[in-house]
Structures are given as C-alpha cells and as structure tokens.
Amino acid sequence: MSNTIGVMGLGVMGRSIAMNMASKGEHVAVYNYTRDLTDLLVKDIEQQQLYPYYDVQEFVQSLQSPRKIFMMVTAGNVVDSVIKSLVPYLEPGDIIMDGGNSNYQDTARRFDELKSQDIDYLGIGVSGGEEGALKGPSIMIGGEKEVYEKVASIFTKIAAQVEGNPCCAYMGPKGAGHFVKMVHNGIEYADMQLIAEAYTFLREKLHIPLNEIADIFETWNQGELKSYLIEITADILRKQDEKTGLPLVDVILDKTGQNGTGKWTSIQAIDNGIPVSIITESLFARYISHVKEERLHAASILAGPETTNEPVDQEEWVESVRQALYMGKICAYAQGFTQYKVTSKINDWNLPLQDIALIFRGGCIIRAEFLNTISEAFGAQESTTNLLIAPYFVEKTKAYQIGMRKVVAESMMSGMAFPSLSAALTYYDSYRTGYSTANLLQAQRDYFGAHTYERTDVEGSFHTIWK
C-alpha cells in the first residue's frame, strides 16, 4: 500500500506533525537523517499508520503519485541539503513542502529553482509549538494555488479547528506563507514583552505577591485579554521549583533566546519603510538581556531615581496596567498587520488579512480573543489602512490611553525599562499626530545636503540657500 504523505525530520515538531497526520487517517511515511529518532517514534507509537524508512530512495518511492513530502528540518542550509537529497528520486509534479521557520526569501528562491525542474514547492508556516503540531496548529501556506489544493485536504484536517473552521488558509504565491509566519512571530515577540512589562509593574512597583499576580492574570484571561500567552503566564507564575522550593520564574536566568524570525521581521520592515517599533524594541530587549554581566556591573554604578513606598490605590493601578497591556497589544497587532498590508502590495500577493486573523484564533502562540475583532475590522472595510482607525479600536484606545500613559510615565519615573509599552504609546501618539517634527528634519537635510523639500502650499521640490 502506498503512503499518502511523507514526513522528513522527526524532531519535536516533525514527530508531532507525523502523529497528527496519522491520527487523521493519513498513511504517513517517516524518515530522519539519523535513525535513532525514527526508531524512537516507531517504538512509542503503535497502532498508528506510521511507516518508517531508513533510506531516502525507499522513502520517496513509498509515496503515492504525485508524491507529497513534508520537511520539518532546521531552517537554512539544512533545507537546501534535504531538497538536494530528494530531487534525484522525484518526478515532475511531485510536491516538496517546507514546514520549518525558513526565511520567506529563501522559500521564493527554492520555489523558482524547483519550478525549473518541474517540481512543485510550498512554503508552510506552522505555529503552535509541540502541542499545537500534535493536536492542531495554525497553518499558513504559500506557493501556487493549484498545488495547495492538492494537499489542502490533509492540512485542513490536521489544523486547529475554531467554530468548525480549520485554522489553515492559502496565503499567496512563493514565500507568502513563510512571510505570514515570520510576522506572526514578530507579533509574538511584542506580545510576550508587553506581558513581561505588565508583570514587572505589578511585582516591582505595586509589590503584589506572586500568587496574587497569577490570580490577576487568570482573571484577565476571562475577559478581553483572553489569550494563550495570558493563560500560560498565570501557570508559569504558580510553578514552584522542585529543587529550591522557590517560584520557578525566580530561578530562571534572565537571558532570552530568539530564533531569527523576530530579527527578520524588523529587517524586512526597515528595508521597506514600515514602522514596527514595538516588535523591534522587543527584539532589542532580548539582545540586551544577553549582556547579563555588564548589566550587573552597571546596576552597581549607574544612578536611578530614588524609590518611595507611598501608599497607592492598588485596584486602580491594576486596572491601569490591564488597560495599558490591552492597548499595547492593539498597537503591536496594528504594526504587524500594517506590515502584512504594505508588503502584500509591494509583492502583489493579495494577502487575505481577514483570513490571517481567523486562522490565528486557534493552534498558534498568539491566539487571542480579539482576533475575531481584527478579522471583522478587515472584513467590514478591506481598505482599512491601520487597525488603530477601525471603529472598535478607536473607542478602546480612547478609553484606555490614559491608563497606558499613567503606567508608562510611572515606570519611567521609577527607573523601570519598559521598551515595548513605551514604544506602543509613542507609536500611537506618532500616528495620531497630524503635523510632526519632520518639517524641521527635512529643512536640516536640505541645509547640509541639498536634499530638497516639498512645501505645504505649492507642489514640487525646492532647495534653499540657507546661509
């Protein structure tokens, strides 16, 4: 019996995806470069339609035509190496799919290279971590539409389901799927950093005990802040370290990793003149976390403000923090979806913004209640240039901006570094500023570099002899 799909790469994500496919009725051939992970998977999983192979040619030849091969391997040169190992055994019309976190530009290049050999290629963004991959991730597919339709039945089955709809959709040609996943991860960086700053304010400024902060996050997760990241934050704050008995979060070293997608998001935005300051500040926060020894030394010699323990209305401040966090999330998603919109226009992709918000509702890391509202905003008016001007978010920011200002101002006066919350407020104020300081900047550029400027009263470019 021929297998319906093959999975290459049996690390945590590949293993989980293969099991997910098998549980949904697919006959799945599996292969890993080293046989230990293949043996481990087969040993652990019995009674499922998973068929191990230890030779690439046998693996490929076990598949129904057109062959469908799903790679879940490390992004970069490894992907090119795996493709090279497959091509000699493929036939025209066979399909290679990359489910890793590849750079969307690499995906576009691979698409063109394989197309010249009559082999089809899909770049597939997969979000949800190990649990999502096993039980139902969010899936973003890029490539040719007719090729997507040949595999759609598999991916719509294994995707997360929300209200009876799969969190899987076609994004656009070539690298569009991986681009959507890349920006998703950028938004994820911002979301996580905003939550961390809200937690820090509750703990360091309001001196709320950790178990009570966990209660606060749990309560927030019952309302408009309901999301996967808020939910797991409450769980994290309750976890005790078995070795020391201390809260586990206090034992974890404050140095944060990153897998490259947040950096790519910022670089792509900078290259195309798209302001994603909240995402970029979240990335920089991770970078500065890595100079731990320098930070410890600086803490001993650099001055900060004198701290006071004046009595505060804790309930009022907690509500201000909630409002600040929600408004920060609005601004972060506004930046991410602006990046989708602008890049879609640059590349003529026609990214389905409404569908993107819908498939993010389940399976993925940034799944959140208000994604329904984002989808409705783009569905009601596709010409929406920025989520901040969608009627719902106009009202929310109007109601919450004072709370956000209080939290950001207090954090600065207290010497707490809140790069993402302050960037969100600056972005909001910059976007609502009808007349900015750019006129002076342009005058300076013309003064020292004769770069010219435009006038408010007459069309054209002008240059002034300033001195």
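Our subject is the structure that appears above.
Criteria and cut-off values
Residues numbered from 1 in each chain as written. Predicted model: local features only at pLDDT ≥ 70, side-chain atom pairs only at ≥ 80, totals over all residues. Heavy atoms only, no water. Salt bridge = Lys/Arg side-chain N within 4 Å of Asp/Glu carboxyl O. Helix = DSSP H or I, 4+ residues; strand = E, 2+ residues; numbered from the N terminus. Buried < 20%, exposed > 50% of the residue type's maximum accessible area, 1.4 Å probe, protein only. Pairing = 2+ DSSP bridges. Axes fitted to C-alpha atoms, helices over the stretch in contact; angles between N-to-C directions. Contact = heavy atoms within 4.5 Å.

### Here's the deal with the pattern of salt bridges
Consideration 1: Tallying each qualifying case throughout the model produces 28 salt bridges.
Consideration 2: When the shortest N-O distance is used, the salt bridge between E218 and R238 registers 3.0 Å. Residue E218 is found in helix α9 (residues 210–220), and its partner R238 is found in helix α10 (residues 228–238); the two are separated by 20 residues along the sequence.
Consideration 3: Among the residues examined, E218 registers a relative accessible area of 41% and is labelled partly exposed.
Consideration 4: In this structure, D254 engages K292 in a salt bridge whose closest nitrogen and oxygen atoms are separated by 2.7 Å. Placement of the pair is D254 in the loop between α11 (248–251) and α12 (261–271) and K292 in helix α14 (residues 292–301), with a sequence separation of 38 residues.
Consideration 5: Using a relative accessible area of 17% as the deciding quantity, one classes K292 as buried.
Consideration 6: One salt-bridge network, held together by shared partners, links D80, D98, D106, R109, R110 and E113.

### Considerations on the sheet that holds strand β10 (residues 168–172)
Consideration 1: What the eight strands build is an open sheet, ordered β3-β2-β1-β4-β5-β6-β7-β10; its pairing is mixed. Looking at which strands have only one partner, the edges of the open sheet turn out to be β3 (50–52) and β10. Neighbour to neighbour, the strand axes of the sheet diverge by 25° on average, direction disregarded.
Consideration 2: Alignment of strand β1 (residues 5–8) against strand β2 (residues 28–31), held across four bridges, turns out to be parallel. Across the sheet, M8 pairs through a bridge with Y31, a residue of β2.
Consideration 3: Where helix α5 (residues 104–115) meets the sheet, it contacts β5 (95–98) and β6 (120–127), and its direction lies at approximately 155° from that of β6.

### What about unusual backbone geometry?
Consideration 1: A cis amide bond links S65 with the next residue in sequence, P66, at an omega value of -5°.
Consideration 2: Positive phi, normally seen in glycine, also occurs at H207, with a value near 55°.
Consideration 3: Mapped onto the elements of the fold, H207 is located in the loop between α8 (176–205) and α9.
Consideration 4: Even without being a glycine, A450 presents a positive backbone phi close to 50°.
Consideration 5: Tracing the backbone shows A450 in the segment after α20 (438–449).

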